[in-house]
Amino acid sequence: MENIKLHYDVIKDDFSCAGEASGKIKKTLKGLGLDSALVRNVAIAVYEGEINMVIHAEGGCIDAEISPDTITVVLKDVGPGIKDVQLAMQEGYSTAPENVRALGFGAGMGLPNIKKYSDEMNIETEVGVGTTITLKFNI
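Residues numbered from 1 in each chain as written. Predicted model: local features only at pLDDT ≥ 70, side-chain atom pairs only at ≥ 80, totals over all residues. Heavy atoms only, no water.

(A) Quick look at the sheet that holds strand S1 (residues 4–10). One open sheet holds the five strands; their spatial order is S1-S2-S3-S5-S4, and the pairing between them is antiparallel. At either margin of the open sheet sits one strand with a lone partner, and together these are S1 and strand S4 (120–126). Across this sheet, the average inter-strand angle for adjacent strands is 10°, counted without regard to direction. One ladder, built from seven bridges, connects S1 with strand S2 (residues 60–66); its direction is antiparallel. Across the sheet, residue Lys5 finds its bridge partner in S2, namely Glu65. Sheet strands in contact with helix H5 (residues 110–117) are S4 and strand S5 (130–138), and its direction is about 145° off that of S4. (Pairing = 2+ DSSP bridges. Helix = DSSP H or I, 4+ residues; strand = E, 2+ residues; numbered from the N terminus. Axes fitted to C-alpha atoms, helices over the stretch in contact; angles between N-to-C directions. Contact = heavy atoms within 4.5 Å.)

(B) Representation of the pairing of S2 within the structure. Among the seven residues in S2, five count as buried, and that is most of the element. The pairing of S2 with strand S3 (residues 70–77) spans seven bridges and is antiparallel. Residue pairing for S3: Cys61 is matched across the bridge by Lys76. Taken together, S2 and the strand that follows it, S3, pair antiparallel across an intervening segment of three residues. (Buried < 20%, exposed > 50% of the residue type's maximum accessible area, 1.4 Å probe, protein only.)

(C) Spotlight on the packing of helix H1 (residues 20–31) against helix H2 (residues 36–56). Following both chains from N to C, one finds H1 and H2 inclined at 165°, their axes separated by 8 Å at the closest point. Between H1 and H2, the crossing angle belongs to the class labelled roughly antiparallel. Our pair here, H1 against H2, has a crossing hand that is right-handed. Every residue of H2 that contacts H1 at Glu20, Ala21, Ser22, Ile25, Lys26, Leu29 and Lys30 is listed here: Val39, Val42, Ala43, Val46, Tyr47 and Glu50. The residue makeup of the contact of H1 with H2, split by class, is eight nonpolar, one polar and four charged. (Parallel < 35°, antiparallel > 145°, perpendicular 65-115°, else oblique. Left-handed = near helix turned anticlockwise from the far one by under 90°. Nonpolar A, V, L, I, M, F, W, Y, C, P; charged D, E, K, R; others polar.)

(D) View of the environment of Ala37. Note that Ala37 resides in helix H2. The partly exposed category is assigned to Ala37, whose relative accessible area is 42%.

(E) Highlighting the pattern of salt bridges. The tally for this structure, following the rule as stated, stands at two salt bridges. Among the ionic pairs, Glu58 bridges to Lys12, the shortest N-O distance being 3.8 Å. Taken together, the residues Glu58 in the loop between H2 and S2 and Lys12 in the loop between S1 and H1 connect sequence positions 46 residues apart. Judged by its relative accessible area of 54%, Glu58 falls in the exposed class. Where salt bridges share partners, they join Lys12, Asp13 and Glu58 into one cluster. (Salt bridge = Lys/Arg side-chain N within 4 Å of Asp/Glu carboxyl O.)

(F) Up close: H5. Burial analysis of H5 places six of its eight residues in the buried class, which makes it a mostly covered element. Among the residues making up H5, those that are buried are Gly110, Leu111, Pro112, Asn113, Ile114 and Tyr117. Buried residues in H5 make contact with H2, helix H3 (85–88), S4 and S5.

(G) Spatial organisation of unusual backbone geometry. One non-glycine residue, Asp13, adopts positive backbone phi at about 60°. One can find Asp13 in the loop between S1 and H1. Asp13 gets classed as partly exposed once you look at its relative accessible area, which sits at 45%.

Right, here's the structure in full:
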């Protein structure tokens, strides 16, 4: 298999399109005949990151590369950055505004779920600049 590269833009506050990137990645992985548990894990982790970008960032992008051994996903946003990564990794901690919580988002499970469902997770963040999360999934 040749490496497959996918790119998606994510728009701030666009809840009508939130989940499209993770859905398209999921469809691609299913089409490649990958293990359903792996496909599910990738879809969940990417969806959580995508929603975080919609809620918290000024926009961003998701780039995925599928190789014979690994799926690498980079979620890069422009935004406030994460002030305290250790705190943000705690289940239930959320900085989502009330209007977002009223939509059913912002329960504080985004980053913990991303870590739970990926084989590797690396967060690079700078307050006032943005956040880049790199995920790896073993095939």
